[in-house]
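So you can see what is in the structure, the chains are spelled out below.
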Amino acid sequence: MANGLTKPVYHFDTLRLRAGYEPNAHQYAVSPPIYQTASFDFRDVEHAKALFSLGEIGNIYTRVGNPTVTALEQRVAALDGASGAIALASGMAAISYTLLNIAEGGGRILASPYLYGGSTDSFKKIYPKFGITIDLARNIENPEKLATEIRPDTKAIFVESISNPNAVLLDLDAIAKVAHEHGIPLVVDNTVATPYLYNPIAHGADVVIYSATKGLSGHGNVIAGLVLESGNFNWQTEKFPQFAEEYYTLRDPEGKKRSFPQVFPEFPFTARIRFNYLNYFGAALSPFNAYLVLLGLETLSERLAKQVQNAQTLAEYLSTHQAVEWVRYPGLQSSPYHALAKRDFPKGAGGILSFGFKGTEAQREAFLNAVQLFHYHVNIGDARSLIVNSPQTTHHELEPDEKKLADLPENLIRISAGLENPNDLIADLEHAFKKAYEID
Ligand SMILES: Cc1ncc(COP(=O)(O)O)c(C=O)c1O
């Protein structure tokens, strides 16, 4: 569990290796052990009593807590400067538990239209059935006008810090200000940026979400998610009556029911996800998968730095190519997000970029069929370079008007830069362009 989180006294590069794990508490094992167990013995009846009454925090059952998973939660919390964290089985579990925890019982979420396709589609298909309406904002890039889209029952603003696939950047400080003026939290999906490139809490975010499937783990070998909280948002207002609810399970030694903010004042949001949503909806991260994410985190800084370099090189190569209509990458001078990138992303604005393929649909398909080094699949943030036709795959759920709003033209091709030698990547693209243009 994310109690007693390591405070970020060390620098980022030290924390990604050391935070949240003390070898002397684990048989002096240098690498965090995989606690592959479903359940944990009680020492005696007194111990069981203490754990269940929350008098002592400890492990009971891996669905709600496990030492390998706890190490991951505490490590990422330290990287983000969060007061609490919870790891879950996927990024989608992180998003759904977060939004349900905020708007359960009904309400609205104001969301950026620039999102992963699965997020947008789930917003339309699933949440309304739970009484939650998700409005796609028209003014997410004009924070001064965004307030006009906040309704009395709007309960949060949801954005991606670097959007997938267009790498849209937003002025999160300004958006956070609008949210806070209306007594609602800003929720940021920081998956593409990772904490190495961007710290949402430092820019006013109240809740941070990760699909750890991507850059955090970085090797394309695990599905995982995390939710973090800043500890700064006041959930005890009329908008969020669920945080005032008092539960028998949280009772004090005298048997008086208590609420989450009473028992977990530093991290009521993630504690509520843990004991309500994770406990009963059950999308638990396995200890083995938590270990893989921890292992990936050990090289987060080096991977992201190289991916940013490779993305920049590929963006520059593509932007002068005659087979390319346009390139979207905030590192390019020509990008409308270049100034924001320089201000808020000093280490680079991510490893994903997209470009418009100039040619027919058949030529575009021939191009994708001809790449040899790039992997053609839906993931991002892998050590290997990846390529995909997003509008037809990762965002295929979007209807034409939604694609228009999300600015996803049919000829968009997304690249997730890996760690290869960039000359090999360029040679692969060059070869594929040639093959594509062999078709009339
Ligand atoms: C930005 C973003 N958030 C969330 C998700 C969902 O994460 P997961 O696939 O781990 O459930 C994805 C998946 O592609 C994503 O790109």
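Cut-off values and rules
Residues numbered from 1 in each chain as written. Predicted model: local features only at pLDDT ≥ 70, side-chain atom pairs only at ≥ 80, totals over all residues. Heavy atoms only, no water. Domains from an automatic or database assignment. Contact = heavy atoms within 4.5 Å. Buried area = accessible area lost by both parts, 1.4 Å probe. Pairing = 2+ DSSP bridges. Helix = DSSP H or I, 4+ residues; strand = E, 2+ residues; numbered from the N terminus. Axes fitted to C-alpha atoms, helices over the stretch in contact; angles between N-to-C directions. Near = heavy atom within 4 Å. Polar contact = N/O pair within 3.5 Å; in protein donor to acceptor, adjacent residues only side chain to side chain. Areas by Shrake-Rupley, 256 points an atom, 1.4 Å probe, with all protein chains shown as cover. Core = buried A, V, L, I, M, F, W, Y, C linked by side-chain atoms within 4.5 Å. Buried < 20%, exposed > 50% of the residue type's maximum accessible area, 1.4 Å probe, protein only.

Another aspect to go through is the domain arrangement of the protein. Under the domain assignment, the protein is made up of domain 1 (12-297) and domain 2 (300-436). Taking only C-alpha atoms into account, the centre of domain 1 sits 29 Å from that of domain 2. Of the residues lining the interface, 46 residues belong to domain 1; the matching set on domain 2 comes to 41 residues. Regarding the contact of domain 1 and domain 2, the summed buried area is about 3,600 Å², with carbon and sulfur atoms giving 58% of it.

What follows covers the sheet that holds strand β4 (residues 154-160). On the basis of which strands lie adjacent, the open sheet formed by seven strands has the order β1-β7-β6-β5-β4-β2-β3 and mixed pairing. Looking at the sheet topology across the chains shown, the edges are occupied by β1 (84-88) and β3 (132-136). On average, adjacent strands in this sheet sit at an angle of 20° to one another, irrespective of strand direction. In terms of strand pairing, β1 meets strand β7 (residues 225-229) through five bridges, oriented antiparallel. Residue L88 lies in a different strand from β7, and its bridge partner there is G225. The strands touched by helix α4 (residues 91-103) within the sheet are β1, β2 (107-111), β3, β4, β5 (186-189), β6 (207-211) and β7, with β6 carrying the most contacts at an inclination of about 155°. Packed on one face of the sheet, helix α7 (residues 172-181) meets β4 and β5 and runs near 145° to β5.

Turning our attention to the site of the ligand. Taken together, 13 residues sit near the ligand, with G91, D189, S211, T213 and K214 positioned nearest. Side-chain polar atom of D189 to a nitrogen atom of the ligand: 2.7 Å apart, as the coordinates give it. For the ligand, an oxygen atom lies 2.8 Å from a polar atom in the side chain of S211. A total of 390 Å² of accessible area belongs to the ligand in isolation, and the protein chains cover 93% of it. Top element by residues in the shell around the ligand is α4. It accounts for three residues.

Here we come to the nonpolar core. Across soluble globular proteins, you tend to see nonpolar side chains buried next to one another. L72, I157, L318, F355, F367, L429 and F433 are the most contacted members of the largest nonpolar core, which has 96 residues in total. For this core, the leading source of residues is helix α12 (residues 300-319), giving eight residues. For this core, the two domains that each supply at least three residues are domain 1 (12-297) and domain 2 (300-436). Sequence-distant contacts of I157, defined by excluding residues within four places in its chain, comprise L110, I140, L146, I150, I175, A179, I184, P185, L186 and V187. Among the nonpolar cores identified, the runner-up in size contains 32 residues, and L115, I132, V227 and F243 belong to it.

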